[in-house]
Amino acid sequence: MELSVLNIKGEDTGRKVTLNDAIFGIEPNDHAIYLDVKQHLANKRQGTHKSKERSELSGSTRKLIKQKGGGGARRGDINSPLLVGGARVFGPKPRDYEFKLNKKVKGLARKSALAYKAQANAIVVVEDFAMEAPKTKEFTAITKNLKVADRKLLLVLAERNNFVYLSARNIEKTNVITASEINTYAVLNATSLVLTESSVAVIDNLFKA
């Protein structure tokens with residue numbers, strides 16, 4: 001698949017970039033995508049939820065009423081889960097939600113996500129650019145020139161550029177990552193995928209490894 005390389009003004013530079021069919025042209029695997037996204041979201045969970053069980057509450061352990069003869073239900077102490085302010089039965093405890101995923105499955109999932117974007121013609125290739133200072137206004141102008149300003153945007157750079165990152169940080173629905181950080185969730189969560197010219201080669205090498 002060949003795409004024209006645009007400059008930051010949105011003009012065709014006359015150069016072409018070939019997207020590797022072994023990455024962007026595969027038949028997407030939905031189950032691999034599901035597993036990778038599930039792992040990504042699970043690994044982000046803090047897992048700090050906690051409720052107190054009966055033994056952890058501070059309260060009198062005196063039996064409230066006698067066992068028999070009262071005409072009502074049997075009552076233990078005031079920490080009973082049946083009473084208001086009492087403990088919780090089988091409540092949440094702090095835990096780690098992270099789980100491992102096979103490296104080949106993760107690679108297949110990322111390639112599948114990129115293939116979906118290629119099928120939807122949602123990929124734009126722009127020539128490498130740099131910014132001399134953090135300028136949100138300039139970055140917004142670039143996105144307008146590339147006709148991706150009103151969409152969820154994922155910009156993939158060949159290497160980290162702090163000025164580009166800072167320029168895009170305050171723009172809603174815009175995310176900037178390097179090619180080595182590319183992941184299934186970020187690709188699928190974006191409506192438009194903008195690749196810098198050099199990042200295409202980095203992505204090729206990433207999946208060869």
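So, here is what we can say about the structure in this document. (Residues numbered from 1 in each chain as written. Predicted model: local features only at pLDDT ≥ 70, side-chain atom pairs only at ≥ 80, totals over all residues. Heavy atoms only, no water.)

This paragraph deals with the overall build of the protein chain. When helices and strands are counted, the protein chain shows seven helices and six strands. Against the 2.2 N^0.38 benchmark of 17 Å for 209 residues, the protein chain shows a C-alpha radius of gyration of 27 Å, more extended than a compact globule. Summarising its shape, the C-alpha atoms of the protein chain cover approximately 95 × 40 × 25 Å along the three principal directions. Across the 209 residues that make up the protein chain, the buried fraction comes to 35%. Long-range contacts, defined as pairs at least 24 residues apart, comprise 69% of the intrachain contacts of the protein chain with a sequence gap of at least 6. Of the roughly 13,100 Å² of accessible surface on the protein chain, a fraction of 49% belongs to carbon and sulfur atoms. (Helix = DSSP H or I, 4+ residues; strand = E, 2+ residues; numbered from the N terminus. Rg over C-alpha atoms; globule rule 2.2 N^0.38 Å. Buried < 20%, exposed > 50% of the residue type's maximum accessible area, 1.4 Å probe, protein only. Contact = heavy atoms within 4.5 Å. Areas by Shrake-Rupley, 256 points an atom, 1.4 Å probe, with all protein chains shown as cover.)

Following the criterion strictly, the structure yields six salt bridges and no others. The partner of D77 in a salt bridge is R54, with the nearest N and O atoms 3.7 Å apart. Highlighted residues: D77 in the loop between α2 (30-44) and α3 (103-119) and R54 in the loop between α2 and α3, separated in sequence by 23 residues. Note on R54: relative accessible area 39%, which makes it partly exposed. Several salt bridges share partner residues, and in doing so they unite R15, E127 and E197 into one network. (Salt bridge = Lys/Arg side-chain N within 4 Å of Asp/Glu carboxyl O.)

The next point concerns unusual backbone geometry. In this structure, N121 is a non-glycine residue whose phi angle is positive, near 55°. Inspection of the secondary structure assignment puts N121 in the loop between α3 and β3 (123-126). Residues other than glycine seldom take positive phi values, yet K173 does so here, at roughly 65°. Positionally, K173 belongs in the loop between α5 (162-168) and β5 (174-178).

Our next topic: the sheet that holds strand β6 (residues 192-196). Hydrogen bonds between backbone groups are what pair the strands of a sheet, and the pairing can be parallel or antiparallel. The strand order across the open sheet formed by six strands is β2-β1-β3-β6-β4-β5, and the pairing between neighbours is mixed. Each edge of the open sheet is held by one strand with a lone partner, namely β2 (12-18) and β5. Neighbour to neighbour, the strand axes of the sheet diverge by 30° on average, direction disregarded. Looking at chain direction, strand β4 (residues 153-157) and β6 are connected through four bridges and run parallel. Bridge pairing in β6 places L154 opposite L193. Where helix α7 (residues 197-208) meets the sheet, its contacts fall on β1 (2-6), β2, β3, β4 and β6, and the angle it forms with β6 comes to roughly 95°. (Pairing = 2+ DSSP bridges. Axes fitted to C-alpha atoms, helices over the stretch in contact; angles between N-to-C directions.)

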